[in-house]
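Structure assessment
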Amino acid sequence: MNPSSGRLASLDGVRGVASVVVVLYHVSLLARPFATGRISEPAWDIATETPLKLLFAGTEAVQVFFVLSGLVVALPLLRGGASWPGFFAARFVRLYLPVWGSLLFAAALILLIPRDPASVTTGEWIANANATSVDPLHLLTEATLTPVSYDLVNTLWSLRWELIFTLLLPVAVLLARLLRRWAWPVAALMAVVMVLGRVAGMDAAVYLPAFFIGTLLAVRLDDLRAWAADRSRPLQWASLTGGSALLLVASWLSRPYVESSSTLGQALWGLSGVGAAGLIVVAIGSPFARRLLETPPVLWLGKVSFSLYLVHAPILATLAFMFGDERWWLVGIVGVPLSLLIAAGFFQLVERPSHGLARRVGRGVQTGVAAVRSRMLSRREGRARSASSGERPRATPEPTDG
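Structure report, in brief. (Residues numbered from 1 in each chain as written. Predicted model: local features only at pLDDT ≥ 70, side-chain atom pairs only at ≥ 80, totals over all residues. Heavy atoms only, no water.)

**Section: the overall build of the protein**
Quick note on the threshold: Secondary structure elements are taken from DSSP: a helix is a run of H or I of four residues or more, a strand is a run of E of two residues or more, and numbering for both begins at the N terminus. Throughout, a residue-residue contact means that at least one pair of heavy atoms, one from each residue, lies within 4.5 Å.
When its secondary structure is counted, the protein shows 19 helices and 0 strands. Principal-axis analysis of the C-alpha atoms gives the protein an extent of 100 × 60 × 40 Å. When contacts within the protein are restricted to residue pairs at least 6 apart in sequence, those whose partners lie at least 24 apart make up 78%.

**A few points about the packing of helix α12 (residues 234-248) against helix α15 (residues 272-285)**
Under the convention used in this document: Interaxial angles span 0 to 180 degrees and are taken between N-to-C directions of axes, which are lines fitted to C-alpha atoms, for helices over the stretch in contact. Angle categories: roughly parallel below 35 degrees, roughly antiparallel above 145, roughly perpendicular from 65 to 115, and oblique for all the rest. In this scheme the handedness of a crossing depends on how the near helix is turned from the far one: anticlockwise by less than a right angle means left-handed, clockwise means right-handed. Side-chain classes are defined by residue name, with Ala, Val, Leu, Ile, Met, Phe, Trp, Tyr, Cys and Pro counting as nonpolar, Asp, Glu, Lys and Arg as charged, and the others, Gly among them, as polar.
Where α12 meets α15, the closest approach of the two axes is 7 Å, and the angle between their N-to-C directions is 150°. With respect to α15, the element α12 is oriented roughly antiparallel. Seen from above, α12 lies across α15 with left-handed handedness. Where α12 abuts α15, its residues W237, L240, T241, S244, A245, L247 and L248 lie against S272, V274, G275, A276, G278, L279, V281, V282 and G285. Here the contact of α12 with α15 is built from residues that sort into 10 nonpolar, 6 polar and no charged.

**Observations concerning the side chain of S19**
Let me state the cut-off plainly: The term polar contact refers here to a pair of N or O atoms within 3.5 Å; inside protein, the definition further demands a hydrogen-donor-capable atom paired with an acceptor-capable atom, and it admits residues adjacent in sequence only when both atoms are side-chain atoms.
Summarising the element assignment, S19 is placed in helix α1 (residues 9-31). Within the structure, the side chain of S19 is placed 2.7 Å from the backbone oxygen of G16, a separation counted as a polar contact.

**Quick word on the packing of helix α9 (residues 183-200) against helix α10 (residues 203-219)**
Relative to each other, α9 and α10 sit at 165°, their axes nearing to 8 Å. In terms of orientation, α9 and α10 fall into the roughly antiparallel class. In terms of crossing hand, the pair formed by α9 and α10 is left-handed. Note on element contacts: α10 touches α9 through A205, V206, P209, A210, F212, I213, L216 and L217, opposite A183, W184, V186, A187, M190, A191, V193, M194, G197 and R198. Here the contact of α9 with α10 is built from residues that sort into 16 nonpolar, 1 polar and 1 charged.

**Side note on a positive patch on the surface**
Note the cut-off: Like charges within 9 Å and nonpolar side chains (Val, Leu, Ile, Met, Phe, Trp, Tyr) within 5 Å are joined into patches, using only residues over 30% in relative accessible area that form no salt bridge. Only the protein chains shown count as cover for residues, and the accessible areas themselves come from Shrake-Rupley with a 1.4 Å probe. Each reported salt bridge corresponds to a side-chain nitrogen of Lys or Arg within 4 Å of a carboxyl oxygen of Asp or Glu. Charge counting follows a simple rule: Lys and Arg are positive, Asp and Glu are negative, and His as well as the terminal groups are ignored. Charge positions come from single atoms, namely NZ of Lys, CZ of Arg, CG of Asp or CD of Glu.
Together, R94, R359, R360 and R363 line one region of the surface with positive charge. Counting residues per element, the positive patch draws most heavily on helix α19 (residues 328-389), which supplies 3 residues. In this fold, R363 is placed in helix α19.

**A short note on the packing of aromatic side chains**
Where we set the bar: Paired rings are identified among Phe, Tyr and Trp, the last through its six-membered ring, by centres lying within 6.5 Å, and are further divided according to the angle between planes into stacked (under 30 degrees), edge-to-face (over 60) and tilted (the rest). Summary of the burial criterion: residues with accessible area below 20% of their type's maximum are buried, those above 50% are exposed, and those between are partly exposed, where the area comes from a 1.4 Å probe applied to protein chains only.
Scanning the model with the defined rule gives 13 aromatic pairs in all. Between the aromatic rings of W84 and F87, the centroid separation amounts to 5.7 Å while the plane-to-plane angle is 90°, which identifies the pairing as edge-to-face. Here F87 and W84 lie together in helix α5 (residues 84-112), a separation of 3 residues that amounts to about one turn. According to the relative accessible area criterion, W84 is partly exposed, its value standing at 29%. Among the residues examined, F87 registers a relative accessible area of 11% and is labelled buried.

**Structural notes on the environment of P76**
Tracing the backbone shows P76 in helix α4 (residues 75-78). By relative accessible area, which is 38% here, P76 ends up partly exposed. It is 31 Å that separates the C-alpha atoms of P76 and I342, two residues lying 266 residues apart in sequence.

**As for the nonpolar core**
Selection criterion: We call a set of buried residues a nonpolar core when its members are Ala, Val, Leu, Ile, Met, Phe, Trp, Tyr or Cys and they connect through side-chain atoms within 4.5 Å of each other.
If you look at the biggest cluster of nonpolar residues, it comprises 102 residues, and the most contacted ones within it are L71, L145, L156, L169 and I280. Those residues within four positions of L169 in sequence are excluded, and the remaining contacts are V73, A74, L77, W84 and F87.

**Side note on the side chain of H355**
You can see H355 is positioned in helix α19. Not counting residues up to four positions away in its chain, the partners in contact with H355 are R94 and F347.

**A few points about the pattern of salt bridges**
Summed over all chains, the structure comprises 7 salt bridges. Between D222 and R79 there is a salt bridge; the shortest N-O distance is 3.5 Å. On the criterion of sequence distance, the pair formed by D222 in helix α11 (residues 221-229) and R79 in the loop between α4 and α5 is long-range, its members being 143 residues apart. Salt-bridge contacts for E162 lead to R91; the nearest nitrogen and oxygen are separated by 3.1 Å. One end of the pair, E162, is in helix α8 (residues 156-178); the other, R91, is in helix α5, and 71 residues separate them in sequence. The burial state of E162 is the same as that of R91; both residues are buried.

**Examining the environment of A47**
Along the polypeptide, A47 turns up in helix α2 (residues 40-48). For the pair A47 and L196, spaced 149 residues apart in the sequence, the C-alpha separation amounts to 28 Å. Not counting residues up to four positions away in its chain, the partners in contact with A47 are L52, K53 and F56.

**Here's the deal with the environment of D223**
Take D223: it is sitting in helix α11. Among the residues examined, D223 registers a relative accessible area of 32% and is labelled partly exposed. Separated by 2.8 Å, the side chains of D223 and R180 make a polar contact.

In short, geometric facts, not functional conclusions.
Here's what the structure looks like:
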C-alpha cells in the first residue's frame, strides 16, 4: 500500500495483468476457428484445458475487474473520503469520457480502413462482435452504455455492468456496513448466488455479486490485512494462489470430463468469481505477490489498463479484417504491441485528462451541494430564532412610484 496516497499499488498491478489477459483472449478467439488440424487441435486442447488457459482467460479476467471495482470504488466512500453527489459526478465523467473516446477511435478506424466481411470467418467472434460500418444512431446508442451487446467497441459490455453497479453503490455500501460482522459468510452466500446465476443464465446474478464481494473486502480491508500479516508462510500463499487460479478456470479444466453447457459445467464457470476474489486477497496479502505486482512494468500496465481495455479490440479487429483472420498469428504479433503503444497514447490524450476533469467536477459538485445545504440550514436557523423570540418576519416593503 502506498502510504502517501492510501492506494493499494498491487491492485493496480492486478488490473494490468488482467487487461493483458483480455487482449490475449481476443487473439485466441481469432485463432479458434483454425484449431482443427492434427497438430493445432491437440495444441488448442492443451492451451485451453490446462492451467495455460490462465494466460488468456478473458471473460474470467473481467470477473477480476468486477471484484476490483467493488473494492477500490467503494473504499473512499466507506472511509468517508467523498460525498455522494461529488462521487457520482466524478465517476460518470471518469467512466464516460474514455468510453466516448474509444468509440470515436473505433469509428475512425472503420471509416479509414474498410472492413470486408468476406475476409474473416463467418459465425465467429470477429464477424459477430465487430462492426463493419458506422451507423451514427448505433454509435450514440453504444455511447450511453445501455445496450446489452456492443460491436464498435466489443469490450463495452462490461462497462455497462460497471455503470449499473455505480448506480447501486449506495445500497451496496449500506449493506456492506450493516453486514460488516458477517462479511465472510455473506461473501460465501454471494458465491452461491453466482453459481446459481450462471446455471440459470441470469447475468445480473453472475456479475453483481462479484462487485459486492469486492465491497465486502473493502469494508473489512483492515481486518484482512491484519489476517494476512499473521500468515507470511510462502506455502500458505502459494496454496491460496493456486486454488484461486484453478477456481477461476475450473470450467475449462473440467472440459475433458464435463460438457461445458451442462449444469455442472455452468456451475463450475460460476466459481470464477470466487477465484477472482481469492486472487485479489492474494494481491493484498501475499508479500511475494505484492513484490511482483508492484514492479515498474506491471504498474505501468496497470496505469494504462483501462485504455488498453478500450482500444485493443478495435485494433485487433481492424488488423484481422486487413490480413484475414486465418493469419491470426500475424494479427497477434502486430496487434498486441500496437495496442500497448496506442493505449499509452490514449491514456495521455484521453484518460488522464478525464481523471483531472473528473476531480474538478467532483469537487465543484461537492462544493455546490455544501453551499446549498449551508444556505438552507442558515434559513432554517433564522426562522427558528425568529420563532423563539416571538418576532414576526418582516415583510418586504412594496416599491413606491416616483
